[in-house]
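# Commentary on secondary and tertiary structure
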Amino acid sequence: MPDGRATPPSKIGEFRAQLIREDLRDFTGYSSARTSDTGAPATIWLNANEASTASAIDPEGAQRRYPDPQPADLVAALADTYGVRPEQVVVGRGSDECIDLLVRTLTAPGSQDAIVQAPPTFGMYAVSARLHGVPVIDVPQRDLGTLWEVDVDGMRAAVEAGGATAVFLTSPGNPTGAVVPPEDIEQLAADLADQAVVVVDEAYQEFAGPRSAATLLDAHPNLVVLRTLSKAHGLAGARIGTALCHPDLATVLRRVQAPYPMPTPVAELAVAALSASVRRSVDARVLQTRTSRELLAEILQADPRVTSVYASEANFLLVRGPGVDSLLTELRASGIVVRDMRHLLTDALRVTVGSPEEIEAVQQSLGSAAQPSTLTPARARGIHT
């Protein structure tokens, strides 16, 4: 195996080299058996030390060979789904791997290459940064009563003051359910073009109203958008996440990524899931979730222990109130598990919008008198008392 240092930094291309961790700018990564052969079409493969015959549980030998690290048909299907070019797509084992790849690529351990995040937010940004040995700068969101707002100006100032090289936004937010306006994302990316990469985690984008930040990629090389098949597509167990970014950054991320990240059965499942016929079922699921979200909000608001149910553009609701302790206990006694968020907010929990049957079970557990007919347009947009 080569030492991984061959391509000069100038080969990064249009993407600003200073945004990449310095010791990775000429890093070529591991040369796997599937990526190192560039000769004429082969008929006999003896370069990867794979088994010479098929497994007894795989008699046709479908899994005998190592997979393509970035399966071309899956990359093409994802590019088509998200409206980008295949060279802008990096497929990972869930968005979690994509987050880890970005932290390792953009920040040097033991340095001041901090990340900036906006709590309350998804915990993996800070976990990846701390495991990597870089600081985490928090710029808290504003609680506006019915929804949350990211302090974009504060995040910009934090980058400029602290030397951060990566900014993580979640839109819709987890656990807030609030979106970051696309114009704010665009302005932040423009202002930080020479200083930091702006990462927008759109795990819940299918449920949201505003357009995806992926529409801004061509104009802003320092912008990255994360997407997943775990939520609206119903494939959480398959672990398929995607980073959409400038092709030059995508090349570096692939070099940093471990070999063979995408198992063949998973890639095949994902390609099938992105077909036109299956996408129609995804659209139906999203529509049902949006409708059920309104009903669940009404049910939760009717409980006297709840003071706030925030407006949400995701497939969950953030709930706050002085009685969440007993609310959690009561739901769990009925076999219903919701997410305890008191580690981020002292009086909060997060409730996923489940199936109609699951929402009915929540209503029965809480003894709520709320009915679908009580919904009004104003309350459907978000509830707060």
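This structure is a prediction, so every number in the text was calculated from the model and none was measured. (Residues numbered from 1 in each chain as written. Predicted model: local features only at pLDDT ≥ 70, side-chain atom pairs only at ≥ 80, totals over all residues. Heavy atoms only, no water.)

## Let's talk about the pattern of salt bridges
Applicable threshold: When a carboxyl oxygen of Asp or Glu lies within 4 Å of a side-chain nitrogen of Lys or Arg, that pair is called a salt bridge. Counting from the N terminus, the helices are the DSSP runs of H or I reaching at least four residues and the strands are the DSSP runs of E reaching at least two.
Counted according to the given criterion, the structure contains 21 salt bridges. Among the salt bridges present, the one from R156 reaches D153, with a minimum N-O distance of 2.7 Å. A residue pair is termed a helical-turn pair when its members lie 3 or 4 positions apart in one helix, as R156 and D153 do in helix α5 (residues 152–162) at three residues. Of the charged contacts, one joins R320 and D347 as a salt bridge, the two residues approaching to 2.7 Å between their closest N and O atoms. Of the two residues, R320 is situated in strand β11 (residues 316–320) and D347 in the loop between β12 (339–340) and β13 (348–352); the sequence distance between them amounts to 27 residues. Overlapping salt bridges bring together R85, E87 and D218 as one network.

## Focus on the sheet that holds strand β7 (residues 197–201)
Threshold: Two strands pair if DSSP finds at least two bridges between them. For helices, the axis comes from a line fit to the C-alpha atoms of the stretch in contact; other axes are also lines fit to C-alpha atoms, and the angle between any two N-to-C directions lies between 0 and 180 degrees.
Strand order in the open sheet formed by seven strands is β1-β9-β8-β7-β6-β2-β3, with mixed pairing between adjacent strands. What marks the edges here is a single partner per strand, and that holds for β1 (89–92) and β3 (136–138). Between one strand axis and the next, the sheet turns through 25° on average, direction left out of account. Looking at chain direction, strand β2 (residues 115–117) and β3 are connected through three bridges and run parallel. In the sheet register, I115 faces β3, and the bridge partner there is V136.

## Some points on the confidence of the model for the chain
Inclusion rule: For every residue, the predictor states its confidence as a pLDDT score lying anywhere from 0 to 100. For this analysis, residues touch if any pair of their heavy atoms sits within 4.5 Å.
Taken as a whole, the chain shows an average pLDDT of 91; of its residues, 92% reach a score of 70 or greater. Segment residues 1–11: pLDDT under 50, and 18 contacts once partners within four positions in sequence are set aside and those in other chains are kept.

## Quick word on the packing of aromatic side chains
Heads up, the rule is: Pairing of aromatic rings covers Phe, Tyr and Trp, the last counted by its six-membered ring, and requires centre-to-centre distances within 6.5 Å; plane angles under 30 degrees mean stacked, over 60 mean edge-to-face, and any other angle means tilted. Burial classes follow relative accessibility: with a 1.4 Å probe on protein chains only, a residue under 20% of its type's maximum area counts as buried, one over 50% as exposed, and anything between as partly exposed.
For the structure shown, the criterion picks out five aromatic pairs. Here F122 and Y125 contribute two aromatic rings whose centre-to-centre distance is 5.6 Å and whose plane-to-plane angle is 85°, an arrangement assigned as edge-to-face. Look at F122 and you get partly exposed, because its relative accessible area is 25%. For the pair Y204 and F316, a centre-to-centre distance of 5.0 Å together with 80° between the ring planes defines the contact as edge-to-face. Of the two residues, Y204 is situated in the loop between β7 and β8 (223–228) and F316 in strand β11; the sequence distance between them amounts to 112 residues.

## Overview of the environment of D58
Going by this rule: Throughout this description, a polar contact denotes any pair of N or O atoms lying within 3.5 Å of each other; where both atoms belong to protein, one of them has to be capable of donating a hydrogen while the other can accept it, and for residues adjacent in sequence the pair is counted only when both atoms sit in side chains.
Along the chain, the position of D58 falls in the loop between α1 (33–36) and α2 (72–82). Separated by 3.0 Å, the side chain of D58 and the backbone nitrogen of A62 make a polar contact.

## Some words on the pairing of strand β9 (residues 241–244)
Both faces of β9 are covered, namely the face carrying G241 and A243 and the face carrying T242 and L244. In terms of strand pairing, β8 meets β9 through four bridges, oriented antiparallel. What sits directly across from T228, in β9, is G241.

## Here's the deal with the environment of R290
As for its placement among the helices and strands, R290 is situated in helix α9 (residues 276–301). The exposure class of R290 is partly exposed, given its relative accessible area of 31%. As for R290 and D191, which are separated by 99 residues in sequence, their C-alpha atoms are 34 Å apart. What R290 contacts, discounting residues up to four positions off in sequence, is E206, F207 and A208.

## Comments concerning the nonpolar core
Put simply, the test is: Definition used in this section: a nonpolar core is a set of buried Ala, Val, Leu, Ile, Met, Phe, Trp, Tyr and Cys residues joined via side-chain atoms within 4.5 Å.
One finds V167 and L169 to be the most contacted residues of the largest nonpolar core, which totals 46 residues. Within the residue set of this core, elements represented by two or more residues are α2, β1, α5, β6 (166–170), α6 (182–191), β7, β8 and α8 (264–273). Setting aside chain neighbours within four positions, we find V167 in contact with V116, M155, V159, L188, L192, A196, V197, V198 and V199. Among the nonpolar cores identified, the runner-up in size contains 30 residues, and I99, V103, Y125 and F168 belong to it.

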